[in-house]
Amino acid sequence: IMPSLVGSEMCIRDRYYNIYECGHHFIRPQTGSVPMQEFVTHSREETVAAGRALAGTLPPGALIAFTGGLGAGKTAFCQGIAEGLGCTDPVSSPTFAIVNYYRGPRPFAHFDLYRIHTENDLASAGFYDYLDMGAVVACEWSENCAELLALENPIKIHIERVDETTRKITIQ
């Protein structure tokens, strides 16, 4: 797996060396399942751009399950998703609100599942309602409800903080 730069553009390659994102164009394979993708960003702006690129590939009702420690870049990636979906509200961490909802042509619900552990907790927070209405839903701290989220066939994204500005992002 090898991220590379073309000029000043970040390019993402999957383990089969197909280019998935280069210069803000994200390309999905035409057949079969999506292989694991792994890439590195070198700034907050690149992490936001990666989220923006992914947003263009997401169908209504898509679920994204994030894992990664504090300060890994999950909210920055979600900012990019919101921008890519056309949401105009400013993006912030849903830590205290549990869910932030962003309006736009393709709505986006951003959950923090740190204090959510049961199906009743998910339902009370409106999780299933957002999916049913076709909003793209992203969940930080998804490991707290991994078994429940697995039933919804999520896209899994792990973000690892390599250093102050560098992030290793794995998408499955």
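Above this text is the structure in question.
What you see is a predicted model, and the numbers here were worked out from it, not measured in a lab.

So, how was this worked out
- Residues numbered from 1 in each chain as written.
- Predicted model: local features only at pLDDT ≥ 70, side-chain atom pairs only at ≥ 80, totals over all residues.
- Heavy atoms only, no water.
- Helix = DSSP H or I, 4+ residues; strand = E, 2+ residues; numbered from the N terminus.
- Buried < 20%, exposed > 50% of the residue type's maximum accessible area, 1.4 Å probe, protein only.
- Areas by Shrake-Rupley, 256 points an atom, 1.4 Å probe, with all protein chains shown as cover.
- Phe/Tyr/Trp six-rings, centres within 6.5 Å; stacked < 30°, edge-to-face > 60°.
- Lys NZ or Arg CZ within 6 Å of the ring centre and 35° of its normal.
- Patch = residues over 30% accessible without salt bridge, like charges linked within 9 Å, V, L, I, M, F, W, Y side chains within 5 Å.
- Salt bridge = Lys/Arg side-chain N within 4 Å of Asp/Glu carboxyl O.
- Lys, Arg positive; Asp, Glu negative; His and termini not counted.
- Charge placed at Lys NZ, Arg CZ, Asp CG, Glu CD.
- Contact = heavy atoms within 4.5 Å.

K.L.:
Got a minute to help me understand the overall build of the chain in this structure?
P.N.:
Secondary structure assignment for the chain yields five helices and 10 strands. Buried positions account for 48% of the 172 residues belonging to the chain. Accessible surface, the chain as shown: approximately 8,600 Å² in total, 53% of it carbon and sulfur.

K.L.:
Looking at this structure, I do not really get the packing of aromatic side chains. What am I missing?
P.N.:
This model, assessed by the stated rule, comprises seven aromatic pairs. For the pair F66 and F77, a centre-to-centre distance of 5.6 Å together with 70 degrees between the ring planes defines the contact as edge-to-face. Of this pair, F66 sits in strand β5 (residues 63-67) while F77 sits in helix α2 (residues 74-84); the two residues are 11 residues apart in sequence, bridging distant segments of the chain. The same class applies to F66 and to F77, which are both buried. Here the aromatic cluster, defined as three or more aromatic residues joined through ring pairs, consists of Y101, F111, F127, Y128 and Y130. Cation over ring: K74 sits above W141, and NZ or CZ is 4.6 Å from the ring centre.

K.L.:
Even after reading the chapter, I still don't get a negative patch on the surface, so can you show me in this structure?
P.N.:
On the surface, a cluster of negative charge is contributed by E119, D129, D132 and E152. Tracing the backbone through its elements, the reader meets D132 in helix α4 (residues 127-132).

K.L.:
Would you take a moment to explain the environment of G68 for this structure?
P.N.:
Within the fold, G68 resides in the loop between β5 and α2. According to the relative accessible area criterion, G68 is buried, its value standing at 9%. Spatially, the C-alpha atom of G68 lies 8.2 Å from that of E140, the residues being 72 residues apart in sequence. If we ignore the near neighbours within four places in the chain, the residues touching G68 are K74, W141, H158 and I159.

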